[in-house]
Amino acid sequence: MAEPLLVVESVNKSFGGLKAVNDVSFRMEQKEVLGLIGPNGAGKTTLLRLLTGILKPDSGSVKFKGKELVGRNIWNIVNLGVACTFQNMRPFRRLPIIANVMVSCLSPRSHGKGEWVKKVENKAMDALEFAGISDMALEKASVLSQGDLKRLEVARAIASDPELLLLDEPFGGLSPAETDLMAKSIRRLHKGGRFGRLHSEGPAMIIVEHKLQQLMKIVDRIIVLNFGTLLAEGTPDEVVNNPQVIEAYLGKGGD
Amino acid sequence: MGLVIFYVKKLFKIFRNEVLVLPSRVVVGLFFIVLLGLPLVTQDPYFIRIIILTSIFAIFAASWDLLSGFTGQMNFGHALFFGVGAYGSAMLNIHFNIPPWATIPMGAIVAVLAGLIVGIPCLRLKHTYLALTTLAFPIILLGIIIALPDISGGELGMTGLKRITESLLGNYYLHVGVFLVLAVIMWEITDSNTGIIFHAIREDELAVKASGINTVFYKLLAFCLSGFFAGIAGGLYAHYMRIAGPSTLGVDQSFTVVIYAIFGGAATIYGPIAAVFILFPLLEVFRLWPEYRMMLFAAVVLVILLYMPEGLIHWIRDKIEKECPRCKIRNIATRKTCRICTANLD
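Residues numbered from 1 in each chain as written. Chains lettered and ligands numbered in written order. Predicted model: local features only at pLDDT ≥ 70, side-chain atom pairs only at ≥ 80, totals over all residues. Heavy atoms only, no water.

## Some words on the overall build of chain A
Across its full length, chain A carries 10 helices and 12 strands. Taken over the C-alpha trace, chain A has a radius of gyration of 18 Å; the compact-globule value for 255 residues is 18 Å, and the two agree within 12%. For the C-alpha atoms alone, the extent of chain A along its principal axes is close to 60 × 40 × 40 Å. By residue count, 55% of the 255 residues in chain A fall in the buried class. In chain A, of all internal contacts separated by at least 6 residues, the share reaching a separation of at least 24 is 66%. Accessible area of chain A: about 11,200 Å², with a carbon and sulfur share of 51%. (Helix = DSSP H or I, 4+ residues; strand = E, 2+ residues; numbered from the N terminus. Rg over C-alpha atoms; globule rule 2.2 N^0.38 Å. Buried < 20%, exposed > 50% of the residue type's maximum accessible area, 1.4 Å probe, protein only. Contact = heavy atoms within 4.5 Å. Areas by Shrake-Rupley, 256 points an atom, 1.4 Å probe, with all protein chains shown as cover.)

In structure tokens, the structure reads:
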């Protein structure tokens, strides 16, 4: 059996008295798409931030392809092949959209790859084309709508050529039509292939999302968090029918 | 012969299509020509001296812009680099008798070290805290210099430095030449991929880190580059004025450079340079009314910033040039359609 892509072992993180992530362990296989769901404040975003090194866990270990991630800098983790998007989008507002993506393309991981593609602009343009906002490449990022900012976040993440992509609410604040489009893009990205000069192996993904209906169509497996602890794990069907999960989302039955 | 004519024609075509189409490029070209041709018109020592000092301070202001305007590391103690450059080259010149053409680059290297020394503790600080911390460094160094009069000359400063050259024209072309070369280098740095990363660090540092860029390296790089250019300005100043005094480290020195940069428009390089070339001679004009000199200066700066908060040069550039809404190429304001994509400019 192949080595698992990501192994998370009993990770803890607390903010003051609040245990945001409490003893969470799970593992991911290569090319797996993992959904991460849970009620508000369940610690989903915190868990993602622990994986990318933005926050340091109090204890526990995160291994990516056998390499320990805890204690590394954010940029080292990104250059190992873990890219993330932010829930509240963080574009470089006064820079053109293409420059936003070029920053990602300039990272050592992305810059070193591809012998015959040395033009950073071309690579950035292809990432934008994949995300579907290449027509606005020269506008300032501050003109983008909420949905397009989400697309920019995705473009920026895939430009660094990740093996594990962490998407934090990719459908948050999007209209139904935009959601469908984004879901399509994500499925296309997972299939892998060549998008212009951008070559994708089809990264594994962890997707944090509240729009379960859309999420269920994409993911292979779902993890449910509640109050920082792992509540359930399994295929979408198993999770939806799990009484504990229903209780966490809807509360106990009244009768 | 035909080949020569062909290339001359080609060169002229490039000149017409790339330079003459935009007023800002014409202005930059004229600026270079006027600056280099000025001694042909006048060789008044006072006038030459003002232009030399202006050039030196233009390097200084542009180096502040590289660090604070682009990378967003608010440095309110930029005089540190200037002072270290000045004192460094002065000490090497006086104590070790090294000729000035060597001491100025060496002083700049000392300023780079100073940039590292300031930059490393400042890496964790942001915004106001960074500004306050950097403000402290030149004051600390000033204290050290006054405490060690044997080495540093104390409050009187180090006098008796040698000039690089004694001739008027030599000095003029040396300083103006160094200024033009360094300005072009700084512009190239900010126009490159490194410049994009500097911009991005100013906008959102965490997002840059999450894009896989080692921000610590780039922030230190900005500190070092800025220190290097400011150090050269300091060294030139010390050797031209033949004194490296405590005033090079003064708080007012730090703040005038901020005023220059904000006045011209931060994060442009050409903005601060233009601002120095406007404000510094203007200060000399105001010597006609010596009592009101600083008040007039403050009034000019306030009025400009009140009506042009983006900076004077930004404002002027937006008036004389329009950006094509489709391809983002700049056009002269009188054009109806874009010169590249023929879109309507309105």
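Read on for the rest.
## Things to note about the sheet that holds strand β7 (residues 164-168) of chain A
Residues and elements named next belong to chain A. The strand order across the open sheet formed by six strands is β6-β7-β10-β3-β11-β12, and the pairing between neighbours is mixed. Only two strands of the sheet have a single neighbouring strand rather than two, namely β6 (82-84) and β12 (229-234). Direction aside, the axes of adjacent strands within the sheet are offset by 20° on average. Bridge analysis of β6 against β7 gives three bridges, and the strand direction is parallel. Note that in β7 the partner of V82 across the bridge is L164. In this fold helix α1 (residues 44-52) packs onto β3 (33-37), β6, β7, β10 (204-208) and β11 (221-226), with an angle of close to 150° to the strand it touches most, β7. Set on the sheet, helix α7 (residues 176-191) makes contact with β3, β7 and β10; between it and β10 the angle comes to about 155°. (Pairing = 2+ DSSP bridges. Axes fitted to C-alpha atoms, helices over the stretch in contact; angles between N-to-C directions.)

## Details of the interface of chain A and chain B
Counting from both sides, the interface comprises 24 residues of chain A and, opposite them, 22 residues of chain B. Around 2,000 Å² of area is buried between chain A and chain B when both sides are counted, 69% of it from carbon and sulfur atoms. If you sort the residues of chain A by the area they bury against chain B, W75, F92 and L106 of chain A come out on top, with a joint share of 30%. On the surface where chain A and chain B come into contact, there are three salt bridges. Between R94 of chain A and E203 of chain B there is a salt bridge; the shortest N-O distance is 3.3 Å. (Buried area = accessible area lost by both parts, 1.4 Å probe. Salt bridge = Lys/Arg side-chain N within 4 Å of Asp/Glu carboxyl O.)

## Let's talk about the nonpolar core
By size, the foremost hydrophobic cluster in this structure holds 161 residues, and its most contacted members are L6, F26, L164 and I206 of chain A. For this core, the leading source of residues is helix α3 (residues 45-70) of chain B, giving 16 residues. In this view, L6 of chain A contacts F26, R27, M28, L51, V62, K63, F64, L164 and I206 of chain A; residues no more than four positions away in its chain are not counted. Grouped together as the second largest cluster of nonpolar side chains are nine residues, A90, M158, L161 and A244 of chain B included. (Core = buried A, V, L, I, M, F, W, Y, C linked by side-chain atoms within 4.5 Å.)

## As for the domain arrangement of chain B
Residues and elements named next belong to chain B. We note that the domain assignment places domain 1 (44-292) and domain 2 (308-346) within chain B. Of note, the centres of domain 1 and domain 2, computed from C-alpha atoms alone, are 33 Å apart. Contacts between the two partners involve 10 residues from domain 1 and, on the opposite side, six residues from domain 2. Together domain 1 and domain 2 conceal approximately 540 Å² of surface at their shared face, both sides included; 66% is due to carbon and sulfur atoms. Contact with domain 2 buries area across many residues of domain 1, yet F263, G264 and Y270 alone supply 56% of it, more than any other trio. Listing elements by their share of the side of domain 1 that touches domain 2, those giving two or more residues are α12 (251-264) and α13 (270-285). Of all the elements, α13 adds the most residues to the side of domain 1 that touches domain 2, at four residues. Looking at the side of domain 1 that touches domain 2 residue by residue, the classes come out as six nonpolar, four polar and no charged. (Domains from an automatic or database assignment. Nonpolar A, V, L, I, M, F, W, Y, C, P; charged D, E, K, R; others polar.)

## Regarding helix α14 (residues 293-307) of chain B
Residue and element names in this part refer to chain B. Taking 1.5 Å as the rise per residue, α14 with 15 residues should run 21 Å; its terminal C-alpha atoms sit 22 Å apart, in good agreement. Of the residues making up α14, those classed as buried are R293, F297, V301 and I304. An end-on view of α14 places all buried positions within 65° of arc, on one side of the element. Residues of α14 that are exposed and point more than 90 degrees away from the buried face comprise M295, L302, L306 and Y307. Looking at the buried side of α14, the elements it contacts are α12, α13 and α15 (312-320). (Expected span 1.5 Å × (residues − 1). Arc of directions from axis to C-beta.)

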